[in-house]
Amino acid sequence: MSVRHLEALFQPASVAVIGASERPGSVGAVVWDNLRQGGYAGALWPVNLRGTLHGQPVAARVQDLPGVPDLVVVCTPAATVPGLVADCGRLGVRAAVVLTAGLRAPAPGGGTLEQAMLAAARPHLLRILGPNCLGLLVPGIGLNASFAPSGGLPGQLAFVTQSGALATAMLDWAGARGIGFSHYVSLGDSADVDVGDMLDWLASDAGTRAILLYVESVRQAAKFMSAARAASRNKPVILVKAGRRAAGARAAASHTGAMAGSDAVFDAAVRRAGMLRVDTLEGLFDAAQTLARVRHWRGPRLAILTNGGGAGVLAADALEADALATLAPATLARLDACLPATWSRGNPVDIIGDAPVQRYLDALAVLLDAPEVDGVLFMHAPTAIVPAPAIAQAALPQLRAAGKPVLACWLGGAAVREAALACERAGIATFDTPERAAAGWQQLVRWQAAQQALLQLPDARPAAAPPDTAAAAALLQAALDAGTTWLPAHAVATLLGHYGIPMVATRFAADPEAAAALAEAIGGPVALKIQSPEVVHKSEAGGVALGLQGAAQVRAAALAMRETVARRVPGARIDGWTVQAMAQRPGAWELIAGIADDPVFGPVVLFGEGGTAVEVRHDRALALPPLNEPLARDLVARTRVAALLAGFRDRPPVDEAALLGLLQRVSALAAEQPLLAELDLNPVLADADGVLVVDARVRLRQPLPGEGSRLALRPYPRELEGVLPVGGELLPVRPIRPEDGARLARLYANASDADRRLRFFLTRREVPASELARYCQIDYAREMTFVALDGQALAGEVRAVCDPDNEVAEFAVLVAGPWQRRGLGTALLGRMVDHLRQRGTAVLLGECLEDNHGMAALARRLGFEVRPSADGLLALRLALR
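Residues numbered from 1 in each chain as written. Predicted model: local features only at pLDDT ≥ 70, side-chain atom pairs only at ≥ 80, totals over all residues. Heavy atoms only, no water.

1. Points about the environment of R633
Mapped onto the secondary structure, R633 falls in helix α22 (residues 629-637). Counting along the chain gives 30 residues from R633 to L663, while the straight-line C-alpha distance between them is 9.1 Å. Excluding residues that lie within four positions of it along the chain, R633 makes contacts with E656 and L660. (Helix = DSSP H or I, 4+ residues; strand = E, 2+ residues; numbered from the N terminus. Contact = heavy atoms within 4.5 Å.)

Following this line, the structure appears as structure tokens:
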């Protein structure tokens, strides 16, 4: 991931066009005209092999230009591109837009032209947008380095697309509707600059209030997720992804693999990253409007205020069931007092078509004041009673001052246009149909849920017995070395045992006589299951017999099973049978949990309703590991079976702690065992007494040579745990965890006013919950916080945040009062310096107030350069390389 030199791409002081042309309709001519006519104030230089353009002499080579351009736009044939990029790199050019297509063709020296282009750019750190792209626009500075048929309006939305054809269409569509952009970028083949780089750049761009993406594919999942999570914390990130219903799905042998389609995995990634996915390009811009304009979020319950019953019903029908607020008796009584007797007496609140202005205002005031209403949709259909502009003018003061989200919907055309424009100018999210307004509210609900996932502060609970990861890894490696693809059932039971996942006792028998003997030893009814590497779905192959009593039944069933399986799966090698005591859990729910292997995002965790009809019901949800308790709870809540698990009538609720614990342990398996390709726990019996796995399958995978972590999200780095010697004591030190929220809050709350001022550069009584969550839910790939523990309390913290290029990190330190002047601050900062050196960070920077003499002295002891800076601050700098 890198934003290096992207300022040359998006804020160039000079631009050269290689292949500028006067031939009408050529790419070189269109790009040159767009640059000249866009209002760009920087230097513009054409480069043309003939040395003339419109009768004027121009540079024939980039080396002949009067200066070194920040940005070059390449419009020449594919074969010339690698050489031109090499020339630009040697000259000192920092960025290039390569519009040319066809660079996947073979290069003369081997490889492709695209690879040759990248090889030419790499030694000079020259960044490339494209190839095979439309180009880019930065309307705010008049930069139109593209061959789009029209320019863009300036605005605060950034649009990034992987489709060039779509880029031109959307630019024209947006211009007709007065929608402007801070950046408009066509990525093309993304040989260098990709979606992750753009997210990093736009996240810190002050002129961009929302980022809109059209995505067709993601190549580097970890980079994409890290950039998306960072950007989503700063501003809304909304995307459309093509391929929701792909023509073909990747073949998978287990139920879990078959149920985890790649698009569903992408949905899980979007959710975990705090982004919002919409289905249409129109929805993309609607969502941008809604998310940017709606404030004071309180919850999902919407009240609809309308002068037309039909319109209100359409809006209500478009909402999800739990999104329509149920009005309380007190609210109904207040509405009775200000509305005619014929009003709807429910939600939607239909105030009747003849409503005068005051009726709108009275009803709106009641709904804005109702505690059971989280937001209001204000709807109006034109009538001859009161002009729509008069209603808008009267209602706008209430709408602007509302302490909860409000949306407006003005149905019609010319009669309501002025009212709609007035709402838009006032910053109210405004729609023209009930369905779009309801969709806007649902987008807001989904985005807020995704944002909450970024701000989770899980409860701190004593850790359960840790898994035996080494034993599990050794078991999987031994099976792989033996050529095993599907782990035998008894080995699966052992693997699950290493992770504390409860499974019914499973024993292996090599022949029918041994199976009969095991059944006799177990006593009671047993289950008999075939063991064959070629038989994955045992029930379909006739390889399962349940409720068998005694040795005779088991022996007969084993013999019959061998014949049936041989007939249904010709050539299957039968290794033996497993014998299990029948799980006596009447009334338990049958669930499925497991791990699937996605080619882009790596391991994913699946949960849903299980049993033999699992692929027919198709009730499942996916999540990227690692999972903590709140994320596991969210995974369960996204299934239909969740409502049943909560209990109803005489059915008690399922033991939630046991179910969430199982999902967290499955997540740990996914994160810690790279040899595991698929895990299928089906059924998992769940009731008030806990959970029990009845049947399980595990498929192994051979890692590729030099393969690194396949996880899209870096899990908690246990290898960084240790101790710090401080004043004769050894304090445990480790990376911060989400569960440290309460401890961190106490550290800040117990700090003196002076310490908080020195740490945060201002006096504050408390740190907001959202900020605490941000400090605890860190991206270990980009930042690090070490905490020292004094029993159950935090003795101190040091945190550092790296830029996307890992060039510069910025740090902050806070030590609890009882541990100050004992060397803990020095030890913590020293630990961070060591960590950053190991990860290759170049420079560590910090700032402190001039009167923070302790911090300045600590920095000098560790070799920092300390210099006065602006605004009464000291700048701290340490070179790490």
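There's plenty left to go through after this.
2. Digging into the state of the cysteines
Evaluation of the coordinates by the stated rule reveals zero disulfides. Note on C423: no disulfide assigned, nearest cysteine sulfur contributed by C409 at a separation of 11 Å. Since its relative accessible area comes to 0%, C423 is described here as buried. Counting only cysteine sulfurs, C802 is the nearest neighbor of C776, a cysteine outside any disulfide, at a range of 18 Å. Since its relative accessible area comes to 1%, C776 is described here as buried. (Disulfide = S-S within 2.5 Å. Buried < 20%, exposed > 50% of the residue type's maximum accessible area, 1.4 Å probe, protein only.)

3. Observations regarding unusual backbone geometry
Look at the link from G130 to P131: it is a cis peptide, with omega at 0 degrees. Summarising the element assignment, P131 is placed in the loop between β7 (127-129) and β8 (135-138). A cis amide bond, omega 0 degrees, links N682 with the succeeding residue P683. Summarising the element assignment, P683 is placed in strand β27 (residues 676-687). The backbone of H54 shows a phi angle near 55 degrees, a positive value even though the residue is not glycine. Its location among the elements puts H54 in the loop between β3 (52-53) and β4 (56-57). On the basis of relative accessible area, H54 is assigned to the partly exposed category, the value being 46%. Residues other than glycine seldom take positive phi values, yet R821 does so here, at roughly 65 degrees. With respect to the secondary-structure elements, R821 resides in the loop between β34 (808-815) and α28 (824-838).

4. Focus: the pairing of strand β18 (residues 406-410)
With five of five residues buried, β18 is to be regarded as a mostly interior element. Burial along β18 is two-sided: V406, A408 and W410 and L407 and C409, pointing in opposite directions, are all buried. Note that the unit made of strand β17 (residues 375-380), helix α14 (residues 388-401) and β18 has a crossover that is right-handed. Sheet topology places β18 next to strand β19 (residues 429-431); three bridges connect them, and they run parallel. (Right-handed = clockwise from strand over helix to strand, strands pointing away. Pairing = 2+ DSSP bridges.)

5. Side note on the packing of helix α11 (residues 309-318) against helix α16 (residues 434-454)
A pair of packed helices can be characterised by two numbers: the angle between their axes and the separation between those axes. One can describe the packing of α11 onto α16 by two numbers: an axis separation of 8 Å at closest approach and a directional angle of 35 degrees. Classified by chirality, the crossing of α16 by α11 is right-handed. Contact residues: α11 offers A311, L314, A315 and A318, while α16 offers P434, E435, A438 and Q442. Residue classes in the contact of α11 with α16 are distributed as six nonpolar, one polar and one charged. (Axes fitted to C-alpha atoms, helices over the stretch in contact; angles between N-to-C directions. Left-handed = near helix turned anticlockwise from the far one by under 90°. Nonpolar A, V, L, I, M, F, W, Y, C, P; charged D, E, K, R; others polar.)

6. Things to note about the sheet that holds strand β12 (residues 210-215)
The strands that make up a sheet pair up through hydrogen bonds in the backbone, lying either parallel or antiparallel. Within the open sheet, the seven strands sit side by side as β9-β8-β11-β10-β12-β13-β14. Their pairing is mixed. The open sheet has two edge strands, β9 (143-146) and β14 (276-277), and neither has a second partner. Along the sheet face, helix α10 (residues 281-293) touches β10 (153-161), β11 (180-186), β12, β13 (237-241) and β14 and points at about 170 degrees away from the line of β13.

7. Re the environment of A363
Of note, A363 is situated in helix α13 (residues 357-369). What makes A363 buried here is its relative accessible area of 0%. Apart from the residues within four sequence positions on either side, A363 is in contact with L305, L335, C338, L339 and I351.

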